Each structure stands twice: as C-alpha cells, then as structure tokens.
Amino acid sequence: MVTLTVPTTFVLDPDTEQKIDRLSRLWNVSTVEAVRRSVSVAEKQVSQAEQQAALEALARLQASATLTEADVAAWDRDRREGWDEAFALLEERRNKRMNQSHDPS
C-alpha cells in the first residue's frame with residue numbers, strides 16, 4: 001500500500017470523472033489508486049515512446065552513414081602509417097641523444 005504524503009485536489013470534467021470511477025470499479029480500488037495507476041501507466045508509455053524515438057534516430061543516423069569498407073581500410077592504413085612515422089621520429093631522436101651522450105668530444 002502506498003503511503004499518502006501529498007494531499008491534492010483536482011477539478012475534473014464529468015467525462016474524466018466517469019472514466020476514473022469506471023477504472024476504480026474495474027480494478028476494485030479507490031479512485032485515488034485508479035488515478036495513481038493511470039499516471040504510472042501513462043508515464044511508462046511516454047518513457048517507452050522516448051526510447052523508441054531515440055532508437056529510430058540512431059537507426060536513421062546509422063543508415064545515413066556513407067563509409068564503405070574501402071574507406072575504413074584506407075583510414076586504418078593512414079592511421080597505422082601515422083603511428084609508424086611518429087615512432088620512427090621518436091626512435092631517431094632517442095638515437096641522436098644516445099649518440100650525443102656517448103660522444104666524448
């Protein structure tokens with residue numbers, strides 16, 4: 001059972017009041033509980049709709065991607081060459097320092 005902590009007053013139109021009364025009879029609960037359950041169900045539906053919208057946006061983004069396997073391979077090759085160049089330069093600098101430190105002149 002939920003502990004009531006926030007007293008609230010609603011002014012409803014007759015149609016909404018009848019729907020709440022119908023739900024409370026159908027679920028065999030108080031009208032307050034029928035409102036609480038209805039809000040919970042509505043919130044879950046909104047959350048699910050937001051999740052679905054996000055997934056659809058991701059699907060559209062993925063579908064719009066224009067990278068081919070050749071593009072990915074070229075990028076990977078360039079990336080590796082870049083690292084190879086950086087390591088070669090680092091090794092060259094390291095060797096120069098070592099040679100200078102061993103040079104007695």
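Residues numbered from 1 in each chain as written. Predicted model: local features only at pLDDT ≥ 70, side-chain atom pairs only at ≥ 80, totals over all residues. Heavy atoms only, no water.

Within the fold, S101 resides in helix α3 (residues 69-102). Taking the C-alpha atoms as reference, S101 lies 71 Å from K44; in sequence the two are 57 residues apart. (Helix = DSSP H or I, 4+ residues; strand = E, 2+ residues; numbered from the N terminus.)

One can find S24 in helix α1 (residues 14-27). Since its relative accessible area comes to 8%, S24 is described here as buried. A distance of 2.8 Å separates the side chain of S24 from the backbone oxygen of D21, its partner in a polar contact. Setting aside residues no more than four positions away along its own chain, S24 makes contact with V29, S30, T31 and A34. (Buried < 20%, exposed > 50% of the residue type's maximum accessible area, 1.4 Å probe, protein only. Polar contact = N/O pair within 3.5 Å; in protein donor to acceptor, adjacent residues only side chain to side chain. Contact = heavy atoms within 4.5 Å.)

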